[in-house]
Amino acid sequence: DAKTTQPTSMDCAEGRAANLPCNHSTISGNEYVYWYRQIHSQGPQYIIHGLKNNETNEMASLIITEDRKSSTLILPHATLRDTAVYYCIVRGSTDSWGKLQFGAGTQVVVTP
Amino acid sequence: NAGVMQNPRHLVRRRGQEARLRCSPMKGHSHVYWYRQLPEEGLKFMVYLQKENIIDESGMPKERFSAEFPKEGPSILRIQQVVRGDSAAYFCASSPGTADQKLFFGSGTQLSVL
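Residues numbered from 1 in each chain as written. Chains lettered and ligands numbered in written order. Predicted model: local features only at pLDDT ≥ 70, side-chain atom pairs only at ≥ 80, totals over all residues. Heavy atoms only, no water.

**Concerning the overall build of chain B**
Right, so step 1: Within chain B one finds zero helices and eleven strands.
Right, so step 2: Element order for chain B, N to C, with α for helix and β for strand: β-β-β-β-β-β-β-β-β-β-β.
Right, so step 3: Taken over the C-alpha trace, chain B has a radius of gyration of 13 Å; the compact-globule value for 114 residues is 13 Å, and the two agree within 12%.
Right, so step 4: Burial status across chain B gives 46% buried among its 114 residues.
Right, so step 5: Nonlocal contacts in chain B, meaning residues at least 24 apart in sequence, comprise 53% of its contacts between residues at least 6 apart. (Helix = DSSP H or I, 4+ residues; strand = E, 2+ residues; numbered from the N terminus. Rg over C-alpha atoms; globule rule 2.2 N^0.38 Å. Buried < 20%, exposed > 50% of the residue type's maximum accessible area, 1.4 Å probe, protein only. Contact = heavy atoms within 4.5 Å.)

**Regarding the interface of chain A and chain B**
Right, so step 1: Each partner contributes residues to the interface: chain A has 18 residues there, and chain B has 18 residues.
Right, so step 2: With both sides pooled, the region where chain A packs onto chain B buries about 1,600 Å², and carbon together with sulfur makes up 56% of that total.
Right, so step 3: Our enumeration of links across chain A and chain B arrives at zero salt bridges.
Right, so step 4: Summed over the shared surface of chain A and chain B, the number is six residue pairs in polar contact (both at pLDDT 80 or more).
Right, so step 5: Per-element tally for the side of chain A that touches chain B: the top contributor is strand β3 (residues 33-38) of chain A, with three residues. (Buried area = accessible area lost by both parts, 1.4 Å probe. Salt bridge = Lys/Arg side-chain N within 4 Å of Asp/Glu carboxyl O. Polar contact = N/O pair within 3.5 Å; in protein donor to acceptor, adjacent residues only side chain to side chain.)

**Re the sheet that holds strand β4 (residues 45-50) of chain A**
Residues and elements named next belong to chain A.
Right, so step 1: Spatially, β1-β9-β8-β3-β4 is the arrangement adopted by the five strands of the open sheet, whose pairing is mixed. The open sheet has two edge strands, β1 (9-13) and β4, and neither has a second partner. With strand direction ignored, the average angle separating the axes of adjacent strands in the sheet is 25°.
Right, so step 2: When β3 meets strand β8 (residues 84-90), the two strands line up antiparallel, connected through six bridges. Within the sheet, the bridge partner assigned to V33 lies in β8 and is V90. (Pairing = 2+ DSSP bridges. Axes fitted to C-alpha atoms, helices over the stretch in contact; angles between N-to-C directions.)

**Quick look at the pairing of strand β8 (residues 75-79) of chain B**
Residues and elements named next belong to chain B.
Right, so step 1: Most of β8 sits out of view: four of its five residues are buried.
Right, so step 2: The pairing of strand β3 (residues 19-24) with β8 spans five bridges and is antiparallel. Looking at β8, one finds that R22 is bridged to I76.
Right, so step 3: Pairing geometry for strand β7 (residues 65-68) and β8, over four bridges, is antiparallel. Each residue of the ladder has a partner; that of E68, found in β8, is I76.
Right, so step 4: In textbook terms, the turn of a hairpin is the stretch between consecutive antiparallel strands, and for β7 and β8 this stretch comprises six residues, one of which, G73, has a positive phi near 100°.

**Things to note about the environment of V47 of chain B**
Residues and elements named next belong to chain B.
Right, so step 1: Within the secondary structure, V47 sits in strand β5 (residues 43-50).
Right, so step 2: Separated by 19 residues in the primary sequence, V47 and S66 have C-alpha atoms spaced 9.1 Å apart.
Right, so step 3: In this view, V47 contacts V32, Y33, W34, I54, D56, E57, M60 and A67; residues no more than four positions away in its chain are not counted.

**Some thoughts on the packing of aromatic side chains**
Right, so step 1: One pass over the full model with this rule turns up ten aromatic pairs over all chains.
Right, so step 2: With a centroid separation of 6.0 Å and an interplanar angle of 85°, the aromatic rings of Y36 of chain A and F105 of chain B are classed as edge-to-face. One end of the pair, Y36 of chain A, is in strand β3; the other, F105 of chain B, is in strand β10 (residues 104-105), on a second chain. Across the pair, F105 of chain B and Y36 of chain A agree in class, each one buried.
Right, so step 3: With a centroid separation of 5.1 Å and 90° between ring planes, the pair formed by Y87 of chain A and F102 of chain A is classed as edge-to-face. Here F102 of chain A lies in the loop between β8 and β9 (106-111) and Y87 of chain A lies in strand β8, a separation of 15 residues in the sequence. A single burial state applies to Y87 of chain A and to F102 of chain A, both of which are buried.
Right, so step 4: Members of the aromatic cluster, connected to one another through ring pairs, are Y36, Y46, Y87 and F102 of chain A together with Y35, F45 and F105 of chain B. (Phe/Tyr/Trp six-rings, centres within 6.5 Å; stacked < 30°, edge-to-face > 60°.)

**Focus on the state of the cysteines**
Right, so step 1: Across all of its chains, the model carries two disulfides over all chains by this definition.
Right, so step 2: The disulfide bridge from C22 of chain A ends at C88 of chain A, spanning 2.1 Å between sulfur atoms. The sign of the -80° torsion about the S-S bond sets the C22 of chain A-C88 of chain A disulfide as left-handed. In this pair, C22 of chain A sits in strand β2 (residues 18-23) while C88 of chain A sits in strand β8, placing the two residues 66 residues apart along the sequence. With respect to burial, C22 of chain A and C88 of chain A carry one shared label: buried.
Right, so step 3: Note on cysteine connectivity: C23 of chain B is disulfide-linked to C92 of chain B, with sulfurs 1.8 Å apart. (Disulfide = S-S within 2.5 Å.)

Have a look at this one:
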């Protein structure tokens, strides 16, 4: 199964865009990239997912490189409530639905 | 539409007792997943259930742990003869099916074993 690499932590100023990188150089052609976040003491929250094309929803945008070896999650206007651990996950093609392998993620701190 | 409901929110047990964690999926969701988060560690998949069936239990410890999702009622994660190493946050998630790839997580049950 493809593994992901994310920076341990990053800071972002409130109101600015937060760009969270993720490397997944061993991803297979039919494996999706998922992003979840976990605010302290809460359950994870789904943000967005994609396969090849860039995706956008009300929370964020997901930019996947053409070779699919990396992706970037963009929070367009970070707020203090976006402070959380952000997980980039590649679901294994042989894994059952809902079996997600969470890594250590990126601790994002949004500052005033 | 209520989200995934887990109870209790906090559960304290003494070593050797049994712990029963309950999870009610979102309305219309028939797939339930249990995850465990040990202190200072990431979330680990435990088990995936559909109504009355265990689909994938590859993350479940071989002993003392069991899960069910009966035709009626919530999903139950049962831990027998708890030990201190079972202290963790247990999260349940649900989804309507495999076509929708989003998981909706509950707020978790924090199990503390004394």
